[in-house]
Amino acid sequence: MSKEKEPITNEEALAYHSEGQPGKLSILPTKPLMTQRDLSLGYSPGVAIPCLEIQKDPDKAYDYTARGNFVAVISNGTAVLGLGNLGALASKPVMEGKAILFKRFADIDGIDIEVDTRDVDEFVNCVRLLGPSWGGINLEDIAAPECFIIEQRLREAMDIPVFHDDQHGTAIICAAGLINAAHLTNRKIQDIKVVVLGAGSAGIACLELIKRMGIKHENALLVDKTGVIYEGRTEGMNQWKSAHAVKTKKRTLAEAMEGADLFLGLASKDAVTKEMVASMAKNPIIFAMANPDPEITPEQVRSVRKDAIIATGRSDYPNQVNNVMGFPYIFRGALDCRASQINEEMKIAAAEAIAALAREEVPEEVSAAYGGRQMEFGPEYIIPAPFDPRLMTTVPVAVAQAAMRTKVARKPIIDIATYKKELAARRDPTANSLQHIFDKLRDNPQRMIFAEGEEEKIIRAAVQWRDNGYGTPVLVGRTERIQASMKKMGVSEQNIVIANAAVSKHVDEYIDYLYPRLQRHGFLYRDVARMVKNDRNIFAACKLALGNGDAMLTGATRNYHVCLDNITRVIDTKPGEVLQGISLVVAKGRTLFFSDTTVNELPEAEELARIAVKTAQLARKLGHEPRVALLSYSTFGNPMGEKSARIRDAVKILDNMKVDFEYDGEMSAGVALNKDIMSLYPFCRLTGPANILVMPGLHSAHIASHLLQELGDGVTIGPVLLGLQRPAQIVHMNATVSEILNMAALAAYEAIVERSSKVSALGKGKKAKA
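Residues numbered from 1 in each chain as written. Predicted model: local features only at pLDDT ≥ 70, side-chain atom pairs only at ≥ 80, totals over all residues. Heavy atoms only, no water.

(A) Quick look at the overall build of the protein. Along the protein, the regular secondary structure elements total 31 helices and 21 strands. In terms of principal-axis extent, the alpha carbons of the protein reach across some 95 × 65 × 60 Å. Within the protein, the fraction of its 770 residues that count as buried is 52%. Put simply, of all contacts in the protein between residues at least 6 apart along the chain, 70% involve residues at least 24 apart. For the protein, the accessible surface area stands at approximately 35400 Å², while carbon and sulfur atoms represent 53% of it. Positive and negative side-chain charges in the protein, numbering 92 and 94 respectively, have mean positions lying 3 Å apart. (Helix = DSSP H or I, 4+ residues; strand = E, 2+ residues; numbered from the N terminus. Buried < 20%, exposed > 50% of the residue type's maximum accessible area, 1.4 Å probe, protein only. Contact = heavy atoms within 4.5 Å. Areas by Shrake-Rupley, 256 points an atom, 1.4 Å probe, with all protein chains shown as cover. Lys, Arg positive; Asp, Glu negative; His and termini not counted. Charge placed at Lys NZ, Arg CZ, Asp CG, Glu CD.)

In C-alpha cells form, the structure reads like this:
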C-alpha cells in the first residue's frame, strides 16, 4: 500500500522561498579578502597574472578559476515542470532549485541562467557566447521540439558537456531499471518488445538510449496522443518522431500493448487501463513515470498482473525513477575528467553503474540510514534509493572511465582508488539521514507532545506533523486559545489532540507520580499540584513519562536550561549514561558534532569518555564514520597543563573500553580540523580531520558552537539532547518551524528505536528461555 505524498501548502512553499534572504542561492568567496594585500591578489593588480596565463593556455582556466566545478542551469521557461510555458523569469525558482541539487548531491557549484527568448537562434547564440564561463551546461524545461535542436547545435558548437536533463536524465535512470528488470525476467535486451507512450523530449530520449543498448527498431512502438507512430503517418509528425516510425498495422495504444514486454510511460495520469496491462506478455515490465500521478498505479497493475515489475516517478512507491540519481553524478564525473561532451557511452555507463548498485548487497549503514528498511535486489528493488550515498562513489567513476575510453576526457584520472576517496570526501550524509528519519516516521507514526501548544509556530509545526503523516500531534495549552489561533490561521483541528491541564483527567495521576520524586527536594504536595496544573513543561513531561505520548518537544518560549530543569524533575537519566547535548553544524559540505554543549559544566575523564561514545553513536546513526578529537588548549602534552590531564585520562579510558571508532587527544582544534597541521603528528590515530569535537567543558563547547552558528554560513541542528529515559528535545527560542520539525523528528525517531530495541530484547529473552 502506498503512502500519501508529503502535502505542501502554497503558504509553506512561498515562506520557504522568501524567509531570510530571498531565493535559494548565494555566492561566497573561497579566498580570504581581509587585507589590502588580499585585495591586491584577488583583484588588481594580482588578478592580471592568471589572466595572462589563461591567454597563453586556455586550459589554465581550470587551475585559476572556478570553471572546473561550475555548471550553468539554463532555461527559457517554455516547459516549466508540468505547468507549460511560464516564461524565462517564472522558471527562475526551478533553475535555482536545480542548482542547489547539484551542490547538495555532487558538490558542484551551479548558477541559474534564464534566457528570455523562444527563438532557437537567439538562445543558441546567447549560451554559446557565454560558454567560457562554465565547465558544463544543464539545459532544463525547454519545450520540444526546440529542445532537440538547441541541444544538438550547442553540442556541436561547444567543447564542454551540454546535457538536457529532461531528456537524458530520465532515460538513464529508466535504462538502469530496464537492465535489472530484464535480468530478473530472464530477457535479453535485444528481444524485448517495447511500447513508449509520450513522444516528447523524455520519451524520445528514453527510446533512443534503449535502442542504443540493443532494443531493435522493429520491436519498439512509439505512441503519442494521436496513436502509434507508423511508417506513412503524416498527422502530428516531425523529424524526431519519424525516426522511430515502424511498419505495423497497430494504430492505438491498446493494440500496441498486446504482447508487449515493456511499457515506458511519459505521458499523463490514467492513460493506461487494466485491460491494456492484462494483454501484455508474461512478467511485464511497466514503468509508469508520469508525474505527479502515473499512467496507471501499481495497485491497479497488481489487481490484474501480479507477475509485473513496476516503477514510477513517485517516492511513495518502490523503484522510483528519479533524475537526481543521474545528473549530479554524471556531471561530477564529466567535470572531473574535463570531458568535452557527455556522449552515449557515458550515459550507458551511468545506467549500468546505477543498475549494478541495485544488485549489490546493501551495506548495513545504508539500510540504517533508511530507517532499517530492507533493500534487496528483486522486483521491488531494481533501482537504488535516490538518497543512497554510494551513488557518489560509483556513477562519477563509471562516467569518467567511459569518457576516457571514448577519448573525450582531457584530464584522464589515473588513480581511480584515490578518486573514489575524493568523491566520498565531498559527500555529507547528514541531510540524507534526516530525510530517512522522516520516512521512518511515516511508516511508524508517533504521538508528539508539543509543550507550548498555544504558540503559532508550534501550531504550524503540529499541522505539518499531522499532514505529513508523522503521527498525532498533542498541543499542550488552553483549549480556547489554541482553537482561536487555529481558526485565525485557517487550519483544521482534525486529528490534533489538545491537552489542557485545567480539565485533564490525568492531572491527579501526574501529581501522584511526581510528588514522591520531589518530596525530599523541598516540594510540598500543593507545590507539585501547582506545577502539574500550571507549568506546561511539567505537565507535558508527566504525560510522556506515563506513556500518554511517545516523545516531547519544548523550548520555543523559555530558556534552554529552564526547560531542561523542568524535564529532569520528571524524567531520569538512563542508568550508566551521561545526560548531554550535541550540536551539529553543517557547513561547507561537512558536518561537525560538538559535545557536550548544554549540560555538563566540567566533565571528568569518565564522563568525557561516555560523551565521546554517545556522540559517536549519534554520528553513525546519521551516516557518518566517527573520528573523535578530545579537545584541549594543549596538543599531546605541549604544554603539559594540569587541567588537560583529564582529557588524557579520557583517552586512556576509551583505550580500555576498546571502542570501534577512531579517537585521539588531547589536541587543539587546529590539529583536529586541519590535515596539514595534523600531519606534523604522524603518531596521531585519526586518519583525517575530526568530525566529532568533544569539548573540555561547557563554556568552550557552548561558545564555539554558537560562534559557528552566528558567524558561519552553515546550518545548526540541535543541541540534540541524549541520555533521558524518555525522548524529549529542546529547541532554541527563535527556532523556525523547520527547525522545530527536525528536532521533533529526532525525538520521535529515538522513541521508535527504543521501542524496537525493547521488542528485540524481549524476543531474545523468550528464545533464551525456550
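(B) A look at the sheet that holds strand 4 (residues 162–164). Strand order in this open sheet of 4 strands is 2-1-3-4, and the pairing throughout is parallel. The sheet terminates laterally at strand 2 (109–114) and strand 4, the two strands that pair on one side only. When the angles between neighbouring strand axes are averaged without regard to direction, this sheet yields 25°. Lying over the sheet, helix 5 (residues 92–106) contacts strand 1 (70–75), strand 2 and strand 3 (136–139), oriented at roughly 165° with respect to strand 2. Of the strands in this sheet, strand 1, strand 3 and strand 4 are in contact with helix 14 (residues 327–336), which crosses strand 3 at around 160°. (Pairing = 2+ DSSP bridges. Axes fitted to C-alpha atoms, helices over the stretch in contact; angles between N-to-C directions.)

(C) How the structure looks around the pattern of salt bridges. Here the structure, examined in full by the defined rule, presents 42 salt bridges. Close ionic contact of Glu140 with Lys98 constitutes a salt bridge, the shortest N to O distance being 2.9 Å. Pair noted here: Glu140 is in the loop between strand 3 and helix 7 (146–157) and Lys98 is in helix 5, with a separation of 42 residues, a long-range link. Classification of Lys98 as buried rests on a relative accessible area of 7%. For Glu380, the salt bridge goes to Arg302, with nearest N and O atoms at 4.0 Å. Here Glu380, found in the loop between helix 16 (364–369) and helix 17 (391–405), pairs with Arg302, found in helix 13 (residues 298–304); they are 78 residues apart in sequence, far enough to count as distant. (Salt bridge = Lys/Arg side-chain N within 4 Å of Asp/Glu carboxyl O.)

(D) Main features of helix 7. Relative to the 16 Å expected for 12 residues at 1.5 Å per residue, helix 7 spans 16 Å between its end C-alpha atoms, a close match to the ideal helical length. Inspection of helix 7 places Cys147, Phe148, Ile150, Glu151 and Leu154 among the buried residues, and these make up the whole buried set. Its buried side turned inward, helix 7 meets helix 6 (120–130), strand 3, strand 4, helix 8 (165–184), helix 9 (201–212) and helix 10 (239–242). (Expected span 1.5 Å × (residues − 1).)

(E) Summary view of the sheet that holds strand 17 (residues 627–631). Read from one edge to the other, the open sheet built from 6 strands follows the order 18-17-19-16-15-20, with strand pairing classed as mixed. Edge positions in the sheet fall to strand 18 (662–667) and strand 20 (715–722), since each has one partner strand and no second. Averaged over all pairs of adjacent strands, the angle between strand axes in this sheet comes to 20°, irrespective of strand direction. Alignment of strand 17 against strand 18, held across 5 bridges, turns out to be parallel. The residue of strand 18 that forms the bridge with Leu631 is Met667. Lying over the sheet, helix 26 (residues 605–621) contacts strand 15 (580–587), strand 16 (590–595), strand 17, strand 19 (692–694) and strand 20, oriented at roughly 45° with respect to strand 15.

(F) View of the nonpolar core. Among the nonpolar cores identified, the biggest contains 101 residues, and Ile74, Ile137, Leu139, Ile172, Leu264 and Met346 are the most heavily contacted of them. By residue number, the principal contributor to this core is helix 8, which donates 10 residues. Those residues within four positions of Leu264 in sequence are excluded, and the remaining contacts are Cys174, Val194, Val195, Val196, Leu197, Cys206, Ile210, Phe287 and Met289. Within the second largest apolar cluster, 62 residues are counted, among which are Tyr470, Ala616, Met743 and Leu746. (Core = buried A, V, L, I, M, F, W, Y, C linked by side-chain atoms within 4.5 Å.)

(G) Quick peek at the packing of aromatic side chains. Tallied over the entire structure, the rule returns 13 aromatic pairs. On the basis of an interplanar angle of 75° and a centroid distance of 5.3 Å, the ring pair of Tyr515 and Tyr525 is categorised as edge-to-face. Separated by 10 residues along the polypeptide, Tyr515 in helix 22 (residues 507–518) and Tyr525 in helix 23 (residues 525–534) bring together distant segments of the chain. Taking relative accessible area as the criterion, Tyr515 reaches 25% and is therefore assigned partly exposed. For Tyr525, a relative accessible area of 40% translates into the label partly exposed. The ring of Phe105 carries Arg104 above its face, with NZ or CZ at 4.6 Å from the centroid. (Phe/Tyr/Trp six-rings, centres within 6.5 Å; stacked < 30°, edge-to-face > 60°. Lys NZ or Arg CZ within 6 Å of the ring centre and 35° of its normal.)

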